[in-house]
Every structure is written in C-alpha cells, then in structure tokens.
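The chain contents come next:
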Amino acid sequence: VALFRTLPYMLAIFAILELFAGIVLTLFRRYFMKKQELEQQRQMFLHAISHEIKTPSAIIKSAAETLAEVQDGEQRATFVQMISEEVDHVDQLVNSMLVYTETSEKGPVRKDALEGKALIENSLKKYASLIEKKNISLEIGAEEHMNLRVDPKLFPYVLDNLVSNAVAHCDSGGIIRIEIEEKR
C-alpha cells in the first residue's frame with residue numbers, strides 16, 4: 001500500500017530526470033554540431049587559402065626560371081614585375097590568414113582610440129619607394145589629432161590592404177586621396 005502512495009512521486013521524479021537528461025543531451029548535441037561546423041569552416045578556409053597560394057607560387061617559380069635565361073632588359077623587367085606582383089598577392093593572402101586567425105582566436109573586436117592620421121602615415125611609409133617610383137601624389141584629409149575607434153591589431157591589416165591596393169592600382173603620376181571624416 002505504501003508503495004502505491006509513493007509511486008506517483010517516483011514517476012514524477014523519473015519524468016523530471018528524463019526531461020533533464022533530454023535537455024542536457026540536446027545541448028551537448030548542439031554544442032558538438034556547432035564545434036564540428038566551425039572546424040569544417042576552418043578546414044575549408046585553409047584549403048582555399050592553400051589553393052590560392054599555389055597559383056602565385058607557380059607563376060613566381062616559372063617567371064624566376066625564365067628570368068634566369070632571358071638576356072633582353074625589357075623582358076627581364078617584365079618578369080621582375082610579374083614576380084613582384086605575385087609576391088604582393090601572396091603577401092595579401094598571408095595577411096588574410098593572419099586576420100582570420102586573429103579574429104577567430106580573439107573573440108569580440110576591441111576598439112581603442114588611435115590617431116587616424118598617424119596610422120595612415122605609418123601605413124604609407126611602407127610604400128614610400130613605390131609611391132615615389134610611380135610619381136604618385138598623396139593627399140591625406142584628416143584633422144591632426146582625430147581619433148578613430150578601431151581594433152589596434154586588426155585595423156593596421158585593413159588599412160595596409162587599402163593602401164596597398166590604392167598604390168598598386170594608381171596610375172603613374174596619379175593621386176591617392178585618403179580622407180577620414182567624423183561619423184555623425
């Protein structure tokens with residue numbers, strides 16, 4: 001008789017435990033599926049980057065081998081230019097991997113106040129010889145001490161990519177204008 005009185009309570013407890021176990025299993029399943037999905041995305045990214053690096057690498061190797069055999073100055077300059085462009089391409093791919101790694105490991109983006117004009121000028125210094133060689137004029141439109149709220153590790157990659165593309169695609173004698181405006 002006592003067993004029949006406690007049976008409903010035992011069944012209720014069993015039902016609650018079963019429900020709790022189902023919730024825990026569902027959460028674990030979602031966690032592992034998300035983890036597996038992220039790993040799959042990471043593998044796809046690495047595969048794509050590896051594939052992307054193979055092409056410029058093959059071009060560089062071929063151009064270097066041809067360069068060793070070519071005597072004509074104009075042809076040599078063409079192959080040197082080709083090698084330089086492909087090295088820049090590989091450099092951009094490596095920077096993309098670094099940014100990806102930085103952002104995926106780091107979590108939320110940090111934003112600090114950094115002086116915008118100084119960031120731009122530092123980025124342009126890397127390209128000074130190419131800017132001079134192409135006779136490119138620079139115009140920087142930014143207040144002297146205007147601060148940008150940016151991630152101090154990621155923003156230089158972004159800025160460097162923009163400057164690199166601007167210099168690479170600007171015609172000789174052209175103008176590169178960089179402006180920083182306050183968001184209103």
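What counts as what
- Residues numbered from 1 in each chain as written.
- Predicted model: local features only at pLDDT ≥ 70, side-chain atom pairs only at ≥ 80, totals over all residues.
- Heavy atoms only, no water.
- Salt bridge = Lys/Arg side-chain N within 4 Å of Asp/Glu carboxyl O.
- Buried < 20%, exposed > 50% of the residue type's maximum accessible area, 1.4 Å probe, protein only.
- Phe/Tyr/Trp six-rings, centres within 6.5 Å; stacked < 30°, edge-to-face > 60°.
- Helix = DSSP H or I, 4+ residues; strand = E, 2+ residues; numbered from the N terminus.
- 1 Å grid on protein atoms, 1.4 Å probe; cavity = no way out; pocket = protein on both sides within 12 Å on 5 of 7 lines; lining within 4 Å.
- Points joined across faces, edges and corners; volume = space filled by probe spheres on them.
- Nonpolar A, V, L, I, M, F, W, Y, C, P; charged D, E, K, R; others polar.
- Core = buried A, V, L, I, M, F, W, Y, C linked by side-chain atoms within 4.5 Å.
- Contact = heavy atoms within 4.5 Å.
- Axes fitted to C-alpha atoms, helices over the stretch in contact; angles between N-to-C directions.
- Parallel < 35°, antiparallel > 145°, perpendicular 65-115°, else oblique.
- Left-handed = near helix turned anticlockwise from the far one by under 90°.
- Lys, Arg positive; Asp, Glu negative; His and termini not counted.

Draft legend 1. Main features of the pattern of salt bridges. Taken as a whole and assessed by the stated rule, the structure comprises four salt bridges. The partner of R177 in a salt bridge is E179, and the shortest N-O contact between them spans 2.8 Å. With a relative accessible area of 45%, E179 lands in the partly exposed category. Among the charged side chains, a network of salt bridges with common partners joins E139, R177 and E179.

Draft legend 2. Here's a closer look at the packing of aromatic side chains. A full pass over the atoms with the stated rule returns two aromatic pairs. A ring pair is formed by F28 and F32, whose centres lie 6.3 Å apart and whose planes are at 20°; its orientation type is stacked. With F28 and F32 both in helix α1 (residues 2-69) and four residues apart, this pair spans about one turn of that helix. With a relative accessible area of 46%, F28 lands in the partly exposed category. Of the residues examined, F32 reaches a relative accessible area of 49% and is grouped as partly exposed. Look at Y31 and F32: their rings are 5.0 Å apart centre to centre, the planes differ by 70°, and that puts the pair in the edge-to-face class. Taken together, the ring pairs connect F28, Y31 and F32 into an aromatic cluster.

Draft legend 3. Geometry of the layout of surface pockets. Approximately 730 Å³ is the volume found for the largest pocket. Looking at the largest pocket, it is lined by 25 residues, and the ones nearest its centre are D88, Y127, L130, S164 and A168. Mapped by element, the contributors of at least two residues to the lining of the largest pocket are α2 (73-106), α4 (128-133) and α5 (155-169). Of the residues belonging to the lining of the largest pocket, the class tally is seven nonpolar, 11 polar and seven charged.

Draft legend 4. Summary view of the nonpolar core. Ranked by size, the top nonpolar core spans 17 residues in total, and within it V163 and V167 carry the most contacts. For this core, the secondary-structure elements that each account for two or more residues are α3 (116-125), β3 (147-150), α5 and β4 (175-179). When near neighbours in sequence (up to four residues on either side) are disregarded, V163 contacts S123, L124, Y127 and I178. A63, L67, V70 and F79 belong to the second largest nonpolar core, which has five residues in total.

Draft legend 5. Broad picture of the packing of α3 against α5. Running from amino to carboxyl end, α3 crosses α5 at an angle of 55°, the nearest separation of the two axes being 10 Å. The angle between the axes of α3 and α5 places the two elements in the oblique class. Crossing angle aside, the handedness with which α3 passes α5 is right-handed. For the pair α3 and α5, contact is made by L119, I120, S123 and L124 and by F155, L159, D160 and V163, respectively.

Draft legend 6. Spotlight on the side chain of K134. Among the structural elements, K134 can be located in the loop between α4 and β2 (137-141). As a buried residue without a salt bridge, K134 has its nearest oppositely charged side chain in D171, at a separation of 6.5 Å. Those residues in contact with K134 that sit more than four places away from it in its chain are V167, A168, H169, C170, D171, S172 and G173.

Draft legend 7. Spotlight on the environment of I180. On the secondary structure map, I180 appears in the segment after β4. Here I180 falls in the buried class, since its relative accessible area comes to 13%. In sequence terms I180 and K117 are 63 residues apart; their C-alpha atoms lie 8.0 Å from each other. In contact with I180, not counting residues within four places along its chain, are G116, K117, I120, G141, A142, M146 and L148.

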